[in-house]
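# Commentary on secondary and tertiary structure
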Amino acid sequence: VQLQASGGGLVQAGGSLRLSCAASGDTFSRYAMSWFRQAPGKERELVAGFNWSGSRTYYADSVKGRFTVSKDIAKNMVYLEMNSLKPEDTAVYYCAANFRTRVVVADKLRLYEYWGQGTQVTVSS
């Protein structure tokens, strides 16, 4: 599966953005899908995701109540709605697909076989 992330940009603190991840080559519903982010000088971290069936959803504590992950199976798209953005949300955001351990939302990068190219989100104070 090929993943293409988009929707990043520059936004003021308190603003909103919606990231999109377009999947091609396979249906993402066979995979656990997650969003990661990597800030300058920091390790890539799991932000949000869901398992292949959608029965399990994960949010990092830092984004709970502000970010929402969703999917549109018909369009083969995954979204990350980000509200009440903070400067500390500034990072490159990546969508990723995990097939081998798709029943859970894995937090280890090495378990994700496919990655999008990343989209920059910058939140100004």
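This structure is a prediction, so every number in the text was calculated from the model and none was measured.

The sheet built from four strands is open, its strands ordered β1-β3-β8-β7 with antiparallel pairing. Taken across any chain shown, the strands that pair with only one partner, and hence form the sheet edges, are β1 (2–6) and β7 (67–72). Sheet twist, expressed as the mean angle between neighbouring strand axes with direction ignored, is 15°. Pairing between β1 and strand β3 (residues 17–24): five bridges, direction antiparallel. Paired with Ala-5 across the strands is Cys-21, a residue of β3.

Attention now goes to the layout of surface pockets. Roughly 150 Å³ of volume is contained in the largest pocket. Taken together, 13 residues form the lining of the largest pocket, with Arg-37, Ala-39, Lys-42, Glu-45 and Glu-88 sitting closest to its centre. Considered class by class, the residues forming the lining of the largest pocket number two nonpolar, three polar and eight charged.

On to the packing of aromatic side chains. Applying the stated rule across the entire model yields seven aromatic pairs. Ring geometry for Tyr-31 against Tyr-114: centres 5.9 Å apart, planes inclined by 85°, an arrangement best described as edge-to-face. Taken as a pair, Tyr-31 in the loop between β3 and β4 (32–38) and Tyr-114 in strand β10 (residues 114–115) lie far apart in primary sequence, 83 residues in all. Looking at Tyr-114, the relative accessible area reads 32%, which means it is partly exposed. Between the aromatic rings of Phe-36 and Tyr-112, the centroid separation amounts to 5.0 Å while the plane-to-plane angle is 85°, which identifies the pairing as edge-to-face. Of this pair, Phe-36 sits in strand β4 while Tyr-112 sits in the loop between β9 (91–98) and β10; the two residues are 76 residues apart in sequence, bridging distant segments of the chain. For the residue pair Phe-36 and Tyr-112, the accessibility class agrees, reading buried in each case. Put simply, the rings of Phe-36, Tyr-94, Tyr-112 and Trp-115 touch in pairs and so form one group of aromatic residues. Sitting over the face of the ring of Tyr-79, Arg-18 holds its NZ or CZ atom 4.2 Å from the ring centroid.

So, about the environment of Arg-30. Tracing the sequence through the fold places Arg-30 in the loop between β3 and β4. In this structure Arg-30 comes out as partly exposed when scored by relative accessible area, which is 39%. A sequence separation of 23 residues divides Arg-30 from Ser-53, and the C-alpha atoms of the two residues are 8.0 Å apart. Discounting residues that sit within four places of it in the chain, Arg-30 has contacts with Trp-52, Phe-99 and Arg-102. There is a polar contact of 2.5 Å between the side chain of Arg-30 and the side chain of Asp-26.

Right, let's get into the side chain of Arg-66. You can see Arg-66 is positioned in the loop between β6 (57–59) and β7. Residue Arg-66 is classed as buried on the basis of its relative accessible area, which comes to 9%. Not counting chain neighbours up to four residues away, the residues in contact with Arg-66 comprise Glu-81, Met-82, Asn-83, Ser-84, Leu-85, Lys-86 and Asp-89.

When you line up the elements, Gly-7 lands in the loop between β1 and β2 (9–12). For Gly-7, a relative accessible area of 34% gives the class partly exposed. The spatial distance from the C-alpha of Gly-7 to the C-alpha of Thr-90 is 14 Å, given a sequence separation of 83 residues.

The rules behind the values
- Residues numbered from 1 in each chain as written.
- Predicted model: local features only at pLDDT ≥ 70, side-chain atom pairs only at ≥ 80, totals over all residues.
- Heavy atoms only, no water.
- Pairing = 2+ DSSP bridges.
- Helix = DSSP H or I, 4+ residues; strand = E, 2+ residues; numbered from the N terminus.
- Axes fitted to C-alpha atoms, helices over the stretch in contact; angles between N-to-C directions.
- 1 Å grid on protein atoms, 1.4 Å probe; cavity = no way out; pocket = protein on both sides within 12 Å on 5 of 7 lines; lining within 4 Å.
- Points joined across faces, edges and corners; volume = space filled by probe spheres on them.
- Nonpolar A, V, L, I, M, F, W, Y, C, P; charged D, E, K, R; others polar.
- Phe/Tyr/Trp six-rings, centres within 6.5 Å; stacked < 30°, edge-to-face > 60°.
- Buried < 20%, exposed > 50% of the residue type's maximum accessible area, 1.4 Å probe, protein only.
- Lys NZ or Arg CZ within 6 Å of the ring centre and 35° of its normal.
- Contact = heavy atoms within 4.5 Å.
- Polar contact = N/O pair within 3.5 Å; in protein donor to acceptor, adjacent residues only side chain to side chain.

Coordinates in, geometry out; function isn't part of it.
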